[in-house]
Amino acid sequence: MFRCVVLVLAVVLSLSAFASNNVSSLQDNGLKDWEHEVFSRETQYRVLQYKNRIAIQAKSDNSASGLLLRTQIDLLATPFINWSWLSESKLPLLDEQSKRGDDYVARIYVLIDGGLLFWNTQCLSYVWSSRQDKGRVWNNAFAGANVKMLSIRGRDDLISQWYSEKRNVYDDLIKYFGDKGSAQANLQAYRYIDVIAIMTDTDNSGSKAESYYGDIIFTAN
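Because the structure is predicted, anything quoted here is derived from the model rather than measured.

1. Considerations on the sheet that holds strand 9 (residues 137-140)
Moving on, step 1. On the basis of which strands lie adjacent, the open sheet formed by seven strands has the order 2-5-12-7-8-10-9 and mixed pairing. For this open sheet the edge positions go to strand 2 (35-40) and strand 9, each flanked by a neighbour on one side alone. Pairs of neighbouring strands in the sheet enclose a mean axial angle of 30°, with direction left out of account.
Moving on, step 2. Of the strand pairs in this sheet, strand 8 (residues 122-128) and strand 10 (residues 144-153) are connected by six bridges, and their pairing is parallel. Bridge assignment links Trp128 to a residue of strand 10, and that residue is Arg153.
Moving on, step 3. With respect to the sheet, helix 3 (residues 169-177) is in contact with strand 7 (104-112), strand 8, strand 9, strand 10 and strand 12 (192-201), its orientation differing from that of strand 8 by roughly 110°.

2. Comments concerning unusual backbone geometry
Moving on, step 1. One non-glycine residue, Arg41, lies in the positive phi region at around 65°.
Moving on, step 2. Looking at the element boundaries, Arg41 is found in the loop between strand 2 and strand 3 (44-50).
Moving on, step 3. Residue classification places Arg41 among the exposed positions, given a relative accessible area of 51%.
Moving on, step 4. Of note, the phi angle at Asn62 is positive, near 55°, even though the residue is not glycine.
Moving on, step 5. With respect to the helices, strands and loops of the structure, Asn62 is situated in the loop between strand 4 (53-61) and strand 5 (64-74).
Moving on, step 6. Judged by its relative accessible area of 26%, Asn62 falls in the partly exposed class.

About the thresholds
Residues numbered from 1 in each chain as written. Predicted model: local features only at pLDDT ≥ 70, side-chain atom pairs only at ≥ 80, totals over all residues. Heavy atoms only, no water. Pairing = 2+ DSSP bridges. Helix = DSSP H or I, 4+ residues; strand = E, 2+ residues; numbered from the N terminus. Axes fitted to C-alpha atoms, helices over the stretch in contact; angles between N-to-C directions. Contact = heavy atoms within 4.5 Å. Buried < 20%, exposed > 50% of the residue type's maximum accessible area, 1.4 Å probe, protein only.

Below, the structure written as structure tokens:
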């Protein structure tokens, strides 16, 4: 299981902002900018060409580990996260709102670091759900309301097919963590993302999964 609380406590702020940002080009940099965080055996990650695009391959066998990238994104300049993903697996119909069911073939985290006040850390987790319909939102089973789970792909989506996604992270933060009452207050609360992470994990269900992640890019529109 991906321990969001551990991720929150592990974050150390790293600064580097951009106006249109490919956060870590797989073609140019591979995985050298990513840190591997292991929680329960290692999911295997590597960069390769798969179905006409370069991607991170994630293969999980009863494992839970993720890749973490520390980079500050200015959501005032580039509020949209863009990515593509593909799964070659489906998990059992897990109760993903329980600790025993916190497994996903693919998920992408964006996180605001609360520093030493880790309870102020806020995280959106865009997930490929094995059970939920697309568009569902719930609190993470381990971290509670500090981590909002959003099912971007769901039980009816096809395997072996690339899907391209786009989300307005700034709007999602305001919607799911609360409007602070003014544009200035919202900017103060939600302007910067400090960490991006990906993870494929199957340790709760004891199953296997194989998924692929394309480049993650932040854009102005």
